[in-house]
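# Architecture and fold: a report
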Amino acid sequence: KNQVEQSPQSLIILEGKNCTLQCNYTVSPFSNLRWYKQDTGRGPVSLTIMTFSENTKSNGRYTATLDADTKQSSLHITASQLSDSASYICVVSAYVKLIFGTGTLLAVQP
Amino acid sequence: DTEVTQTPKHLVMGMTNKKSLKCEQHMGHRAMYWYKQKAKKPPELMFVYSYEKLSINESVPSRFSPECPNSSLLNLHLHALQPEDSALYLCASSPVKYGKGGRENTGELFFGEGSRLTVL
């Protein structure tokens, strides 16, 4: 069964600190993996895409990693800001079908 | 224009009402989607349109009726809804690409801001 699980469910950190969100998947066939950021009451916005051959990709203070062997991805946020408070969703593409993760709710406090 | 526009932003309706949610994009995307999202949950796929034809219906109750009048517009007609249908309804679009295995979903979804629906 295709599944995408994220951890932790929720996370509270202080402004300026770093954090890492995890995504484990059992999806076949694997096409790519995306991290989305969803602000409260808004639609999700794509942060980064990882394909099978990529290990690391950065987008500003966001760095995503992918280990295709262990089927794990992480999203590292550096020097967090209050505006990073949001839900982060991992989405794995199995060619035509998209499988959404359960999400991690991040709260950055001053 | 890289926007997906949804209207209305908020909608309150009774269980006997008929209303519609609208979605528009001008990015030339030929795949359009309706998702339903409850609080603190990920979006759940409802319908997929590909080249203006319904390609996926995730066993959605018939009180939800999608319509794709043209390549830029997607509607969701609502009738006789239940209070548990209250949720954020998200429209998304994506380009359709073809790879080695045939049609691929790049996962590059462009979401609208959503329509917050409350059913009384």
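Quick summary incoming for the structure in this document. (Residues numbered from 1 in each chain as written. Chains lettered and ligands numbered in written order. Predicted model: local features only at pLDDT ≥ 70, side-chain atom pairs only at ≥ 80, totals over all residues. Heavy atoms only, no water.)

The next point concerns the overall build of chain A. Looking only at helices and strands, one finds zero helices and eleven strands in chain A. If you list the helices and strands of chain A from N to C, you get β-β-β-β-β-β-β-β-β-β-β. Relative to the 2.2 N^0.38 estimate, which gives 13 Å for 110 residues, the radius of gyration of chain A is 13 Å and therefore close to what a compact globule would have. Burial analysis of chain A (110 residues in total) assigns 45% to the buried set. Intrachain contacts of chain A at a sequence separation of at least 6 include 54% that bridge at least 24 residues. Counting every atom, chain A has about 5300 Å² of accessible surface; 50% of that belongs to carbon and sulfur. A distance of 6 Å separates the average location of the 9 positive side-chain charges in chain A from that of its 7 negative side-chain charges. (Helix = DSSP H or I, 4+ residues; strand = E, 2+ residues; numbered from the N terminus. Rg over C-alpha atoms; globule rule 2.2 N^0.38 Å. Buried < 20%, exposed > 50% of the residue type's maximum accessible area, 1.4 Å probe, protein only. Contact = heavy atoms within 4.5 Å. Areas by Shrake-Rupley, 256 points an atom, 1.4 Å probe, with all protein chains shown as cover. Lys, Arg positive; Asp, Glu negative; His and termini not counted. Charge placed at Lys NZ, Arg CZ, Asp CG, Glu CD.)

Moving on, we get to the pattern of salt bridges. In the structure shown here, the tally under the stated rule is six salt bridges over all chains. Of the charged contacts, one joins lysine 37 of chain A and aspartate 39 of chain A as a salt bridge, the two residues approaching to 3.9 Å between their closest N and O atoms. What makes aspartate 39 of chain A partly exposed here is its relative accessible area of 31%. Between arginine 30 of chain B and glutamate 52 of chain B there is a salt bridge, and its shortest N-O distance comes to 2.8 Å. In this pair, arginine 30 of chain B sits in the loop between strand S3 (18-25) and strand S4 (31-37) while glutamate 52 of chain B sits in the loop between strand S5 (44-50) and strand S6 (53-57), placing the two residues 22 residues apart along the sequence. (Salt bridge = Lys/Arg side-chain N within 4 Å of Asp/Glu carboxyl O.)

Quick look at the interface of chain A and chain B now. Contacts between the two partners involve 19 residues from chain A and, on the opposite side, 18 residues from chain B. A buried area of about 1600 Å², summed over both sides, lies between chain A and chain B, and 53% of it is on carbon and sulfur atoms. Among the residues of chain A in contact with chain B, Tyr95, Val96 and Phe100 of chain A are the three that bury the most area, contributing 30% of the side total. Inspection of the chain A/chain B interface yields one salt bridge. (Buried area = accessible area lost by both parts, 1.4 Å probe.)

A word on the state of the cysteines. Residues and elements named next belong to chain A. Taken as a whole, this structure holds two disulfides over all chains when the rule is applied. Residue pairing for cysteine 23: its cysteine sulfur links by disulfide to cysteine 90, the two sulfurs lying 2.1 Å apart. Looking along the S-S bond of the cysteine 23-cysteine 90 disulfide, the torsion reads about -65°, which is the left-handed sense. With cysteine 23 in strand S3 (residues 19-26) and cysteine 90 in strand S9 (residues 86-94), this pair connects stretches of sequence that are 67 residues apart. (Disulfide = S-S within 2.5 Å.)

Put simply, serine 28 of chain A and proline 29 of chain A share a cis peptide bond, and its omega is -5°. The topology assignment puts proline 29 of chain A in the loop between S3 and strand S4 (32-38). Going from threonine 7 of chain B to proline 8 of chain B, the amide bond is cis rather than trans, its omega being -10°. With respect to the element layout, proline 8 of chain B can be found in the loop between strand S1 (4-7) and strand S2 (10-13). Even without glycine at this site, lysine 40 of chain B takes up a positive phi of about 60°. With respect to the secondary-structure elements, lysine 40 of chain B resides in the loop between S4 and S5. The exposed category is assigned to lysine 40 of chain B, whose relative accessible area is 79%. Located in the positive-phi region is glutamate 52 of chain B, a residue other than glycine, with phi close to 65°.

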